[in-house]
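Commentary on secondary and tertiary structure
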Amino acid sequence: MQIQTIATTPYTDQKMGTAGIRKKVKTIIQPNYLENFVQSLFDAIGGVKDKTFVLSGDGRYYNDVAIQKIIKMAAANGMKKLIIGQNGMLSTPASSCILLKNHADGGLTLTASHNPGGINGDFGIKYATSNGGQCSSQVSAEIYEKTKTITSYKTIDAPDVNLSNIGSQTLGDMQIEIVDPIKDYLLMMENIFDFEVIKKLFANGFDFVFDAMNAVTGPYGIKIFEEVLGAKKGSVHQAVPMPDFGGLHPDPNLVYAKHLVDLMYSDNAPDMAGANDGDGDRNMILGKKFFVSPSDSLAILTDNYKYIPAYKNGIFGVAKSAATSTAVCRVAKALNINCYEVPTGWKNFCNLMDTNRITFCGEESFGTSSSHIREKDGIWAILFWLNIIAATGKSVEQITRDFWAKYGRTYYLRFDFDGIDTAVADQLMADLEQNLSSFEGKTYNTYKVSEAKPFIYHDVVDGSVTKNGLLVYFEGGHRICYRLSGTGTNGATLRVYIESYDKDNFDKNPVEALTPLLNVAMILAEIEKRTGKNKPDLTT
Ligand code: VG1
Ligand code: CO
């Protein structure tokens with residue numbers, strides 16, 4: 001097979017998101033753009049000669065083209081073996097599962113995760129290292145450096161590889177193994193949860209909906225919930241993965257999954273609904289006329305770990321991103337385990353899992369998981385809820401209310417200000433950081449600031465120091481966190497995360513409960529003056 005060295009010129013805007021690249025499709029499809037990134041990645045990690053990688057994607061627009069390009073580049077760069085999900089598709093959690101099971105050297109997942117797809121949407125690549133989790137910021141930076149000086153990439157001239165049949169084949173000297181995308185993942189889930197008790201729940205008529213948002217987890221949902229566990233046929237909605245997700249924004253939250261929220265608040269709502277995002281690592285949990293906030297979900301799962309066979313003998317600590325509410329910390333305290341607070345981004349949990357410091361972790365952005373893999377896991381979270389419901393006989397709402405009764409309720413919402421000019425956003429954050437200490441001791445709208453400081457994380461394992469977000473604490477257990485998004489593709493997004501703790505009153509409307517603090521947040525950061533926006537663009 002003829003190896004070709006193709007001359008290329010670097011793109012100046014190739015700055016990447018964390019742990020890979022995430023861009024508009026129209027940017028990615030420019031000549032050599034994807035190739036530049038992939039070759040830079042291969043070079044930055046010391047080449048891929050004799051290495052084994054897992055390669056697949058969430059099926060979004062350009063998945064089919066990109067995967068063929070990468071297969072040929074891998075062969076030209078001396079890769080020993082590629083493990084690929086049938087038809088080039090794997091969810092992010094399944095990819096991590098297969099990577100770990102096969103002791104692969106790395107994984108590439110073709111996805112822009114929860115961002116929209118289609119020609120006008122986004123595309124991306126998540127790069128995972130041999131521990132099954134997304135690469136560190138340092139590796140990202142090294143890849144980025146390579147993209148600035150790249151002059152050529154390697155590929156081979158060969159016809160496209162057929163990805164539809166499970167089994168082994170070769171391309172030049174490289175072995176390609178097409179695998180069942182669900183099998184190993186299902187096996188892993190069966191080894192964690194009590195499938196028998198969940199089967200009984202469904203056999204007794206528990207009414208459940210899983211919404212795959214026309215994305216990668218549709219076939220996983222049909223297999224696991226309908227075929228194996230016996231949820232009635234048709235329980236999985238929007239089950240066929242589509243390149244543009246049927247026009248949906250595949251981010252399972254109150255705004256983008258409104259169709260599901262409407263169903264769950266209607267009079268014929270099923271008992272429970274779960275939804276996943278584009279690549280299957282996020283989850284949303286709803287009960288009958290009831291929404292579980294992701295921060296609460298992490299805390300509730302932790303509090304109920306004993307119902308799950310894989311965890312019943314005890315768990316290590318837990319971790320949450322700094323932006324996530326402190327609800328789980330109260331549970332950790334009661335269980336007498338450590339609660340770590342890390343920067344946003346799943347990779348920050350991985351060192352803690354690798355060293356047995358934590359078992360569960362989660363982010364407010366609808367991500368929850370455990371150390372079974374090194375990614376967040378949408379279906380895992382839904383199975384966890386089903387297992388608790390089956391074991392306790394309680395509804396989603398009852399489980400949550402019992403939790404509030406025990407620990408108090410942490411009202412929590414995230415407010416996003418989108419499409420801000422990058423320079424304006426950077427200046428806002430820089431000035432806010434400068435001003436933080438001047439807020440301390442002052443009272444705003446009846447809320448007295450007890451402490452205000454940047455969130456600085458010292459990784460206990462590798463010693464790295466990360467600054468991510470600004471925190472303002474108020475007396476009474478209320479809190480504001482500000483940070484800029486690292487995954488957006490439209491200017492800058494300012495995220496304002498607000499929580500308010502209430503020990504006794506659990507029935508306030510979260511938006512109403514948090515609006516006074518949102519007003520404080522807007523004043524402290526001068527949001528209207530600097531961005532022209534007098535309200536957030538998105539509340540989730
Ligand atoms: C967002 C979320 C963060 C999550 C990241 C990747 O990042 O806030 O919690 O880890 O997306 O999620 P940011 O920097 O835009 O706030 V996924 O589902 O895209 O892998
Ligand atoms: Co995702």
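The paragraphs below set out a description of the structure included in this document.

The rules we used
Residues numbered from 1 in each chain as written. Chains lettered and ligands numbered in written order. Predicted model: local features only at pLDDT ≥ 70, side-chain atom pairs only at ≥ 80, totals over all residues. Heavy atoms only, no water. Buried < 20%, exposed > 50% of the residue type's maximum accessible area, 1.4 Å probe, protein only. Helix = DSSP H or I, 4+ residues; strand = E, 2+ residues; numbered from the N terminus. Pairing = 2+ DSSP bridges. Right-handed = clockwise from strand over helix to strand, strands pointing away. Phe/Tyr/Trp six-rings, centres within 6.5 Å; stacked < 30°, edge-to-face > 60°. Core = buried A, V, L, I, M, F, W, Y, C linked by side-chain atoms within 4.5 Å. Domains from an automatic or database assignment. Contact = heavy atoms within 4.5 Å. Axes fitted to C-alpha atoms, helices over the stretch in contact; angles between N-to-C directions. Parallel < 35°, antiparallel > 145°, perpendicular 65-115°, else oblique. Nonpolar A, V, L, I, M, F, W, Y, C, P; charged D, E, K, R; others polar.

Now for the pairing of strand 10 (residues 208-211). Side chains Phe-208 and Phe-210 project from strand 10 onto one buried face, and the interleaved Val-209 and Asp-211 project onto a second face that is buried too. Here strand 10 pairs with strand 12 (residues 272-276) via 4 bridges, running parallel. Bridge assignment links Phe-210 to a residue of strand 12, and that residue is Gly-274. As defined by bridge partners, strand 10 adjoins strand 11 (residues 236-237) across 2 bridges and the pair is classed as parallel. Directly across from Asp-211, in strand 11, lies its bridge partner His-237. As for the winding sense of the linkage, the β-α-β connection from strand 10 through helix 8 (residues 218-228) to strand 11 is right-handed.

Tallied over the entire structure, the rule returns 24 aromatic pairs. Three or more aromatic residues joined by ring pairs make a cluster, and in this case those are Phe-193, Tyr-311, Phe-360, Trp-380 and Phe-384.

What follows covers the nonpolar core. Residues Phe-193, Phe-208, Phe-225, Met-272, Trp-380, Leu-383 and Leu-386 are the most contacted members of the largest nonpolar core, which totals 72 residues. Considering each element in turn, this core owes the most residues, 11 residues, to helix 13 (residues 378-392). Residue contributions to this core reach at least three from each of two domains, namely domain 1 (3-180) and domain 2 (185-407). Contact partners of Phe-225, with chain neighbours within four places excluded, come to Phe-202, Phe-208, Phe-210, Tyr-220, Gly-230, Ala-231, Ile-379, Ile-382, Leu-383 and Leu-386. One finds Phe-53, Leu-82, Ile-143 and Ile-176 within the second-largest nonpolar core, a separate group that totals 44 residues.

Our focus in this paragraph is the packing of helix 13 against helix 14 (residues 396-407). Remark: helix 13 packs on helix 14, axes separated minimally by 10 Å, with the N-to-C direction vectors making an angle of 90°. Classified by the angle their axes make, helix 13 and helix 14 are roughly perpendicular. Facing Trp-385, Ile-388, Ile-389 and Thr-392 of helix 13, the residues of helix 14 in contact are Val-396, Ile-399 and Thr-400. Tallied by class, residues from the contact of helix 13 with helix 14 come to 5 nonpolar, 2 polar and no charged.

By themselves, these observations are geometric and do not establish any function.
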